[in-house]
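A closer look at the structure
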Amino acid sequence: MIVYTGSVEDTRELIQFFRRESAKLRALRNLIVSRDKTVVQDVNRDGIEFPGLTYGAAALEALLRELGVVFTPDTLHDPGATPGGVKEFRLSARFPWGQERIL
């Protein structure tokens, strides 16, 4: 797990870090936002952790836009909208060719 140690207030630095470090990961699968951190995971469950990047942070919206996630800012920053305050966003829906076929 790669851990971001910079400031979560500096959106530019956070995005540059993500771009640099995401090249070390496989296809990105999901983004998990909790009350204390945000985690981006790939298909192998390896990922990048952003401690302190949570609801209410402008950098969270910038990271979601960088990943191409469609979201509504009003519901994004409401941790009470989901049980436990954890929100998960799927990043990729690509499957290997022929996966849907029954053998």
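Cut-off values and rules
- Residues numbered from 1 in each chain as written.
- Predicted model: local features only at pLDDT ≥ 70, side-chain atom pairs only at ≥ 80, totals over all residues.
- Heavy atoms only, no water.
- Helix = DSSP H or I, 4+ residues; strand = E, 2+ residues; numbered from the N terminus.
- Buried < 20%, exposed > 50% of the residue type's maximum accessible area, 1.4 Å probe, protein only.
- Contact = heavy atoms within 4.5 Å.
- Pairing = 2+ DSSP bridges.
- Axes fitted to C-alpha atoms, helices over the stretch in contact; angles between N-to-C directions.
- Core = buried A, V, L, I, M, F, W, Y, C linked by side-chain atoms within 4.5 Å.
- Polar contact = N/O pair within 3.5 Å; in protein donor to acceptor, adjacent residues only side chain to side chain.
- Left-handed = near helix turned anticlockwise from the far one by under 90°.
- Nonpolar A, V, L, I, M, F, W, Y, C, P; charged D, E, K, R; others polar.

This next bit is on the overall build of the chain. Along the chain, the regular secondary structure elements total three helices and five strands. Helices (α) and strands (β) of the chain occur, in sequence order from the N terminus, as β-α-β-β-β-α-α-β. Counting the 103 residues in the chain, one finds 41% classified as buried. The long-range share in the chain, meaning contacts at least 24 apart out of those at least 6 apart in sequence, stands at 46%.

The strand order β1-β4-β3-β2-β5 describes an open sheet built from five strands, whose pairing is mixed. The two strands at the open ends of the sheet, each matched to only one other strand, are β1 (2–3) and β5 (87–90). In the sheet, β1 pairs with strand β4 (residues 47–51) via two bridges, with the strands oriented parallel. Note that in β4 the partner of V3 across the bridge is E49. Sheet contacts for helix α2 (residues 58–67): β2 (28–33), β3 (37–42), β4 and β5; angle to β2, the most-contacted strand, approximately 165°.

What follows concerns the nonpolar core. In terms of nonpolar packing, the biggest core is built from 26 residues, with L14, F50, L53 and L63 touching the most fellow members. For this core, the secondary structure elements donating two or more residues are α1 (11–22), β2, β4 and α2. With six residues, α2 is the single largest residue contributor to this core. For L63, the residues in contact, after removing those within four places along its chain, are L14, I15, F18, L31, T38, V40, F50 and L53.

We now examine the pairing of β3. Most of β3 sits out of view: five of its six residues are buried. Looking at chain direction, β2 and β3 are connected through five bridges and run antiparallel. Residue I32 lies in a different strand from β3, and its bridge partner there is V39. Sheet analysis places β3 next to β4, joined by five bridges and oriented antiparallel. Residue pairing for β4: V40 is matched across the bridge by I48. Linking β3 to β4, which pair antiparallel, is a turn of four residues; within it R45 sits at a positive phi near 70°.

Topologically, T54 is positioned in the loop between β4 and α2. Separated by 3.3 Å, the side chain of T54 and the backbone oxygen of R35 make a polar contact. Look past the residues within four positions of T54 in its chain and what remains in contact with it is S34, R35, D36, T38 and L60.

The angle between the axes and the distance between the axes are what describe a pair of packed helices. Between α1 and α2, whose axes approach to 9 Å, the crossing angle comes to 35°. The way α1 lies across α2 gives a crossing that is right-handed. Here T11, L14, I15, F18 and R19 of α1 come into contact with α2, specifically with A59, A62, L63, E66 and L67. Looking at the contact of α1 with α2, its residues break down into seven nonpolar, one polar and two charged.

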